[in-house]
Amino acid sequence: MKRAILALSISALALSLGGVASASPVSSTASAVTPAKVTVTFELAKGEKAPITKQDTPPLRLGIGSTYKMDGYNWMILYGSDVVELHGNKAKMIGYGTAQVEAFKSNGDKLGVYTFKVER
């Protein structure tokens, strides 16, 4: 057992001296989660009828960094890129304020608009 530990120590030392292995400091602080009150509303595009009526959601207790899953096939931020960021069909809360995200159907027609209001 001592030989195995000694061999591993010598190998690690040789690699680090040779420049192959390097150690860089790692931050040990955890990121703080900031609570927020998020209100999400969805308004269908004119002429669109949803198969299931989507109602406004009550204020959600989410934190900055939380995500909200949206309906649709494609999405585009109309304004508020400092409030939400898009990751596929999920809007990630990154700041406080109001943002709107337009959702599209698979054929490219407008489905509707999500409005995100993120408050402290």
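Source: prediction; values computed, not measured.

(A) A look at the pattern of salt bridges. Applying the stated rule across the entire model yields three salt bridges. Between Glu 102 and Lys 110 there is a salt bridge whose closest N-O contact spans 3.7 Å. In this structure, Lys 117 and Glu 119 form a salt bridge, with 3.5 Å as the shortest nitrogen-oxygen distance. Looking at Glu 119, the relative accessible area reads 28%, which means it is partly exposed. Via salt bridges that share partners, Lys 37, Lys 117 and Glu 119 belong to a single interconnected network.

(B) Looking closely at the sheet that holds strand 6 (residues 90–93). On the basis of which strands lie adjacent, the open sheet formed by three strands has the order 3-6-5 and antiparallel pairing. The open sheet is flanked by strand 3 (67–69) and strand 5 (84–87), the only strands paired with a single partner. Averaged over all adjacent pairs, the angle separating strand axes in this sheet is 30 degrees, with direction ignored. Alignment of strand 3 against strand 6, held across three bridges, turns out to be antiparallel. Looking at strand 6, one finds that Tyr 68 is bridged to Ala 91.

(C) Local environment of the confidence of the model for the chain. In this model, the chain carries a mean pLDDT of 75, and residues with pLDDT of at least 70 account for 61%. Here helix 1 (residues 2–18) stands out as the least confident element of the chain, with mean pLDDT 46; strand 4 (residues 74–79) is the most confident, with 96.

(D) Main features of the pairing of strand 5. With four bridges connecting them, strand 5 and strand 6 associate as antiparallel partners. Each bridged residue has a counterpart across the sheet, and for Leu 86 the counterpart in strand 6 is Ala 91. Between the antiparallel neighbours strand 5 and strand 6 lie two residues, among them Gly 88 with a positive phi of about 65 degrees.

(E) Here's a closer look at the packing of aromatic side chains. A complete count under the given rule lists four aromatic pairs for this structure. Their ring planes at 45 degrees and their centres at 4.4 Å tell us that Phe 42 and Tyr 114 sit as a pair that is tilted. One end of the pair, Phe 42, is in strand 1 (residues 35–44); the other, Tyr 114, is in strand 8 (residues 110–119), with 72 residues separating them in the sequence. For Phe 42, a relative accessible area of 13% corresponds to the buried category. Judged by centre distance (6.2 Å) and plane angle (20 degrees), the ring pair of Tyr 114 and Phe 116 falls under stacked. By relative accessible area, which is 0% here, Phe 116 ends up buried. Members of the aromatic cluster, each reached through a chain of ring pairs, are Phe 42, Tyr 68, Tyr 114 and Phe 116.

Calculation criteria
- Residues numbered from 1 in each chain as written.
- Predicted model: local features only at pLDDT ≥ 70, side-chain atom pairs only at ≥ 80, totals over all residues.
- Heavy atoms only, no water.
- Salt bridge = Lys/Arg side-chain N within 4 Å of Asp/Glu carboxyl O.
- Buried < 20%, exposed > 50% of the residue type's maximum accessible area, 1.4 Å probe, protein only.
- Pairing = 2+ DSSP bridges.
- Helix = DSSP H or I, 4+ residues; strand = E, 2+ residues; numbered from the N terminus.
- Axes fitted to C-alpha atoms, helices over the stretch in contact; angles between N-to-C directions.
- pLDDT = per-residue confidence, 0-100.
- Phe/Tyr/Trp six-rings, centres within 6.5 Å; stacked < 30°, edge-to-face > 60°.

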